[in-house]
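Coordinates in review
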Amino acid sequence: MNVVDQSQHVPCRNCKVVYCSQNCFESAWSEYHQLLCLDSARLDPEHPLNKLCDFWKNIHFPPETCSILLFAKLVAKLRLSSNKAEILERIAEFCHSTVELDSSLIHKLMGEQFQEQIEVLRQMCHDAFYCEEAAAWFTPDGFRSILALIGRNGQGVGTSSLSAWLKNCEQLNIPQIERKRFDKMVDRIYEKCDEESGSFLNCEGSALYMLQSLCNHSCDPNADITFPYHNHVLVLRATKAIFPGEEICVSYLNECDRDRSRHSRSKALSENYLFHCGCSKCEAQKNDPDVTSEDDDDEEEDSNYEDDEDENEVMK
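Quantities reported herein were computed from a predicted structural model and do not represent experimental measurements.

Basis of the calculations
Residues numbered from 1 in each chain as written. Predicted model: local features only at pLDDT ≥ 70, side-chain atom pairs only at ≥ 80, totals over all residues. Heavy atoms only, no water. Buried < 20%, exposed > 50% of the residue type's maximum accessible area, 1.4 Å probe, protein only. Helix = DSSP H or I, 4+ residues; strand = E, 2+ residues; numbered from the N terminus. Pairing = 2+ DSSP bridges. 1 Å grid on protein atoms, 1.4 Å probe; cavity = no way out; pocket = protein on both sides within 12 Å on 5 of 7 lines; lining within 4 Å. Points joined across faces, edges and corners; volume = space filled by probe spheres on them. Nonpolar A, V, L, I, M, F, W, Y, C, P; charged D, E, K, R; others polar. Salt bridge = Lys/Arg side-chain N within 4 Å of Asp/Glu carboxyl O. Expected span 1.5 Å × (residues − 1). Contact = heavy atoms within 4.5 Å. Core = buried A, V, L, I, M, F, W, Y, C linked by side-chain atoms within 4.5 Å. Phe/Tyr/Trp six-rings, centres within 6.5 Å; stacked < 30°, edge-to-face > 60°.

Observations concerning the pairing of strand 6 (residues 223–226)
- Neither face of strand 6 is left uncovered, since the one carrying A223 and I225 and the one carrying D224 and T226 both have all their residues buried.
- Pairing of strand 6 with strand 7 (residues 235–238) involves four bridges; the strand directions are antiparallel. Within strand 7, the position partnered with A223 by the bridge is A238.

Some remarks on the layout of surface pockets
- Counted as a void, the second largest pocket has a volume near 250 Å³.
- Of the residues belonging to the lining of the second largest pocket, the class tally is three nonpolar, two polar and eight charged.

A short note on the pattern of salt bridges
- In total, this model carries nine salt bridges according to the counting rule given.
- When the shortest N-O distance is used, the salt bridge between R181 and E178 registers 3.4 Å. Of the two residues, R181 and E178 are both situated in helix 8 (residues 176–195); the distance of three residues between them amounts to about one turn of the helix.
- Given the relative accessible area of 25%, R181 is considered partly exposed.
- When its relative accessible area of 36% is taken as the criterion, E178 is described as partly exposed.
- A salt bridge links K267 to E271, with the nearest nitrogen and oxygen atoms 3.3 Å apart.

Quick notes on helix 5 (residues 115–129)
- In this model, helix 5 (15 residues) spans 21 Å end to end at C-alpha, consistent with the 21 Å of a helix rising 1.5 Å per residue.
- Every buried residue of helix 5 is listed here: I118, L121, R122, M124, C125 and F129.
- Elements that come into contact with the buried residues of helix 5 comprise helix 2 (48–57), helix 3 (68–80) and helix 6 (140–153).

Focus on the nonpolar core
- Core analysis: the biggest nonpolar cluster contains 40 residues, and I68, F71, F129, W137 and F143 have the highest contact counts within it.
- Looking at this core, the elements with two or more residues in it are helix 1 (22–36), helix 2, helix 3, helix 4 (84–92), helix 5 and helix 6.
- No other element matches helix 3, which puts eight residues into this core.
- Apart from residues lying up to four places away in sequence, F129 is in contact with L49, L52, F71, A72, V75 and F138.
- Listed in part, the nine residues of the second largest apolar core include A223, I225, F227 and L234.

Some details on the environment of E133
- By the secondary structure assignment, E133 is in the loop between helix 5 and helix 6.
- Here the alpha-carbon distance between E133 and A85, two residues 48 residues apart in the chain, equals 9.9 Å.
- Sequence-distant contacts of E133, defined by excluding residues within four places in its chain, comprise L78, R79 and K84.

Topic: the side chain of N153
- Here N153 lies in helix 6.
- When residues no more than four places from it in sequence are discounted, the contact partners of N153 are F94, C95, A207, L208 and S213.

Some thoughts on the packing of aromatic side chains
- Throughout the structure, instances matching the rule amount to 11 aromatic pairs.
- Relative to W29, the ring of F25 has its centre 6.1 Å away and its plane inclined at 40 degrees; by these criteria the two rings are tilted. Taken together, the residues F25 and W29, both in helix 1 and four residues apart, mark about one turn of the helix.
- Both rings, one in F71 and one in F143, keep their centres 5.7 Å apart while their planes meet at 65 degrees; by these two values the pair is edge-to-face. Of this pair, F71 sits in helix 3 while F143 sits in helix 6, and the two are 72 residues apart along the sequence.
- Three or more aromatic residues joined by ring pairs form one cluster here, namely F71, F129, Y130, W137, F138 and F143.

Interpretation in functional terms is not warranted from these geometric data alone.
In structure tokens:
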């Protein structure tokens, strides 16, 4: 397994943000970073971009791959591009509606409880990086649309050795009780990582991939999203035989949510991606009780508590 080569890391000489290589830095600088570089204001809590990031951290809109900085980079790329029409055309190709025309599903971001926060967020984005070229994105409707675009199409990027190790561990065939203990241990590892995190401890961000976004969802997918080169390059890996003419499907849900009840999966997909899943797995479970996996979690709480002592022994 490859590891991150720290000797190749290059910091921006102004804001000290670290990039994985000189080529990575030069590409970022030419495409967006020269407009978003905070320079000496990187530690200034009153800087508009810093205030925006802090506000975003306190909102935690679903899904997790949605990032407000991705919006900032889209605006910066548009401003710096020599072919602005092409950038706008490519972005328009992503699915970005907040309400499906043939259903009553409303994107979770549009819930009434978020309206005030979204308006504050829009004003903060306007103050931080408004530009005429993207004026339509800063209107109330345009801003909701761009948030929906990022929320529905944003792909988490896992590039670190830790991510690769965890991915390999997911393939282990171990008893369920051991799996639960392992999952709890991983949670503790991430907690420790957050306490002592460095720039490349677990290089996970969010990105938009045109081809990958065209893949439909299945709760029993035949392909998986991987980052085998430990950078931004996404690779679709077949998880079972795919025959000529067969559709390639991935799961929009993470490994844990994929194993939850049909009702829980349907709830997450309808709120975050605006569709009701009709894959073979959901069809096979369509007569199951309409209960969420949280109900099962409550029943298992006592057994999980008993596992805590074993977990603590592992983490010592």
